[in-house]
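# Breakdown of the fold
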Amino acid sequence: MRKKLFIPGPVEVREDVLAKMATPMIGHRSKDASALQRDISELAQKMFYTKNQIILSTTSGSGLMEGSVRSCTRKRAAVFSIGAFGDRWYEMAQGNNVPADKIKVEEGQATTPEMVDEALATGKYDLITITHNETSSGVMCPVEAIAEVMKKYPDVIWCMDTVSSMGGTKIDVDALGVDICITSTQKCIGLPPGMAICSMSEKAVNAAKEVPFRGYYLDLLELYNYIQKKEYQYPSTPSLSHMFALQYQLHRIIDEEGLENRFARHLQMAQRVREWAKTYFDLFADERYLSNTLTVIKNTHGINVGDLNKQLGEVGLTLANGYGSLKEKTFRIAHMADCTLAEVDELLGHINRILGL
Ligand SMILES: *Cc1c(COP(=O)(O)O)cnc(C)c1O
């Protein structure tokens, strides 16, 4: 039986969006390809609230995370980790011989402006990475407050992972001053996995110019320059299938649903799941920093999450177990992309029935 996904990526993809993936091919050096990629860039700029150049990458989000830390760290990176995906960014730095330090907090907690200030005051770093929405713990970091601190350090490049939040909650890239903001297609945007999107500021471009070894496929400076010179085209063949679907979906998100409505729907779903979690279990994350796009629930009853998922599968639904070491200790409900409040209610109703809550 087909299972409706309440996991934090890949998410359910609407039938009309899926159908766009089957659009007949066009040449990737054609005028049509330039027009497609220009339209996607202009739409993505609206969703990111930025005037910065948009770069697409035929990789998942991790590709641009690796590319950004490698392409733009001149001296040393401060990697702020609040869980599994922050740890991944640190491993990417190490794997690329990029000097980096990891500044980690207990899972369930957020990166705070004080931590950023303390690290940057040492003068050791010229790039920071922040996980906006940590998908393993359900924490959303207080980025507006972090942005205030960042004003004191105008030479530091700010890279931000918004893989599980962009398109589900407002992230005003230019107001915050984020230099490289990264997301993937398979989470809040509601597309199949296989493409990543980022914005890149002039400041980040200038930083990359000072870095001699930026790799090849994920060299952000090369991608940026190529787009500028070749009318939004890419050095190698991109996933045009994703681009057809992305163009269609961004028009739907921006022109049909409206960004503000989309963010409000995500918040409504989050509030519903949080209330339910507090009634029957408990929230894993510090309540000051709850994610609007997924909820991580503390397994206070010691239920067998694997068994629960098996039984949910019988009615065509599936949620996510905890991530890594949090498996069985927590479980996760994603309420992102085109999921509705009614669908969330249906899921919660089935959980209550199965567990006899
Ligand atoms: C899913 C996820 C990633 C990894 O993204 P991929 O597209 O799978 O490479 C990174 N960071 C966060 C916060 C995520 O949720």
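Residues numbered from 1 in each chain as written. Predicted model: local features only at pLDDT ≥ 70, side-chain atom pairs only at ≥ 80, totals over all residues. Heavy atoms only, no water.

Next up on the list: the nonpolar core. In terms of nonpolar packing, the biggest core is built from 109 residues, with I128, W158 and M200 touching the most fellow members. With eight residues, helix α10 (residues 240–257) is the single largest residue contributor to this core. Of the domains in this structure, domain 1 (4–9 + 258–355) and domain 2 (24–239) are the two that each give at least three residues to this core. Aside from chain neighbours lying at most four places away, what touches M200 is N52, Q53, I55, C72, D179, I180, V205, A208, L220, L221 and Y224. (Core = buried A, V, L, I, M, F, W, Y, C linked by side-chain atoms within 4.5 Å. Buried < 20%, exposed > 50% of the residue type's maximum accessible area, 1.4 Å probe, protein only. Helix = DSSP H or I, 4+ residues; strand = E, 2+ residues; numbered from the N terminus. Domains from an automatic or database assignment. Contact = heavy atoms within 4.5 Å.)

According to UniProt, the positions carrying the feature "binding site: substrate" (unreviewed entry) are R332. Along the chain, R332 turns up in strand β14 (residues 330–334). Other than its neighbours up to four places away in sequence, R332 contacts F6, P8, T135, S136, L294, T295, V296, L319, A320, N321, G322 and Y323. From its side chain, R332 meets the backbone oxygen of T135 in a polar contact 2.9 Å long. (UniProt positions renumbered as here; feature names shortened; annotations may be inferred. Polar contact = N/O pair within 3.5 Å; in protein donor to acceptor, adjacent residues only side chain to side chain.)

A few words on the site of the ligand. Lining the immediate surroundings of the ligand are 14 residues, of which S60, S62, T135, D161 and K187 lie closest. The separation between an oxygen atom of the ligand and a polar side-chain atom of S184 is 2.7 Å. The separation between an oxygen atom of the ligand and a polar side-chain atom of K187 is 2.6 Å. Protein chains bury 91% of the 380 Å² of accessible surface belonging to the ligand in isolation. Among the elements that line the shell around the ligand, the one with the most residues is helix α3 (residues 61–72), at three residues. (Near = heavy atom within 4 Å. Areas by Shrake-Rupley, 256 points an atom, 1.4 Å probe, with all protein chains shown as cover.)

Further remarks concern the side chain of R274. Here R274 is to be found in helix α11 (residues 259–280). Within polar-contact distance, the side chain of R274 engages the side chain of N292 at 3.0 Å.

Mapped onto the present numbering, the UniProt feature "modified residue: N6-(pyridoxal phosphate)lysine" (unreviewed entry) falls at K187. Looking at the secondary structure, you find K187 in the loop between β9 (180–184) and β10 (196–200). Beyond its immediate stretch of four places on either side in the chain, K187 contacts P8, G9, V11, V163, S164, M336 and A337.

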